[in-house]
Structures are given as structure tokens and as C-alpha cells.
Amino acid sequence: QELSKRGLGENIDLQIMQLPVVYQKAKEQVCKIWTALQPLLTVHVGLASSATALIILEQCGKNKGYQERDACGFHPEGACCVVDGPEKIESTINMKALWKNISVEGIDIILSRDAGR
């Protein structure tokens, strides 16, 4: 929501959507978003209770190793986001360059190559 306040330029259609912390529902909604909107760029922002910084730029997303229960108390099938999916998805955005070029007063921003761990 902070991005909408700062403005991203005239040709940017920013849409903010809040997804439930429920593996299956989030998966269904993400599939619908990609199908309906066919975005050129999607930024997924997640909140973790164990995070020490307010913003963590993740270079990649991992598919396996999800042991935590969601808000409904369920584990994802096979402890992964997408069964038979790739081990990880690497962002085409150079997060290190982004990290070096952004700063927000009073907010810590860190770079991570080990998503969710």
C-alpha cells in the first residue's frame, strides 16, 4: 500500500490484493490473478513473525520445506507449494541492485537469497 502512496509512474497499473494465510486458498487466488490480469510483473509481499526487518527483498522463492501450519491449521501437501513444481523460482529482478538503491527512513531493508528460512 505504501507503493500506491509514492507513485510508480503513469504507465503502471498497481493493484494491491491481500491473500489469506491459508495454503490452498492463496494458491487458488494467485492462479486466478495470473489468469485474469496476466501481469507483466508481480511482487508478492509476505509477512513473517520471525522477520527481524520490516522489508525483506527475496531473490528467490522456494517450493519445498514448508512445515508450518497455515491459519486453518493445515500443512501443504508434500510440504511444498506446487507438487512436482520447480525447486525454486528465481526473480528476474536484481534484488541486490534494488536493495542498494532504495532506502526508507526508519525502515530496515535486507536482502535474502533463502526465502522463508
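Everything below is about the structure shown above.
Computed from a prediction, not measured in an experiment: that's the story for all the values here. (Residues numbered from 1 in each chain as written. Predicted model: local features only at pLDDT ≥ 70, side-chain atom pairs only at ≥ 80, totals over all residues. Heavy atoms only, no water.)

This part takes up the environment of Cys60. Note on placement: Cys60 falls in strand E2 (residues 60-62). Expressed as a C-alpha distance, the spacing of Cys60 and Glu90, which sit 30 residues apart in the sequence, is 4.3 Å. (Helix = DSSP H or I, 4+ residues; strand = E, 2+ residues; numbered from the N terminus.)

This part takes up unusual backbone geometry. With a phi close to 60 degrees, Ala79 is a non-glycine residue in the positive phi region. With respect to the secondary-structure elements, Ala79 resides in the loop between E2 and strand E3 (88-90). Of note, the phi angle at Asp84 is positive, near 65 degrees, even though the residue is not glycine. Relative to the elements of secondary structure, Asp84 occurs in the loop between E2 and E3. Judged by its relative accessible area of 79%, Asp84 falls in the exposed class. (Buried < 20%, exposed > 50% of the residue type's maximum accessible area, 1.4 Å probe, protein only.)

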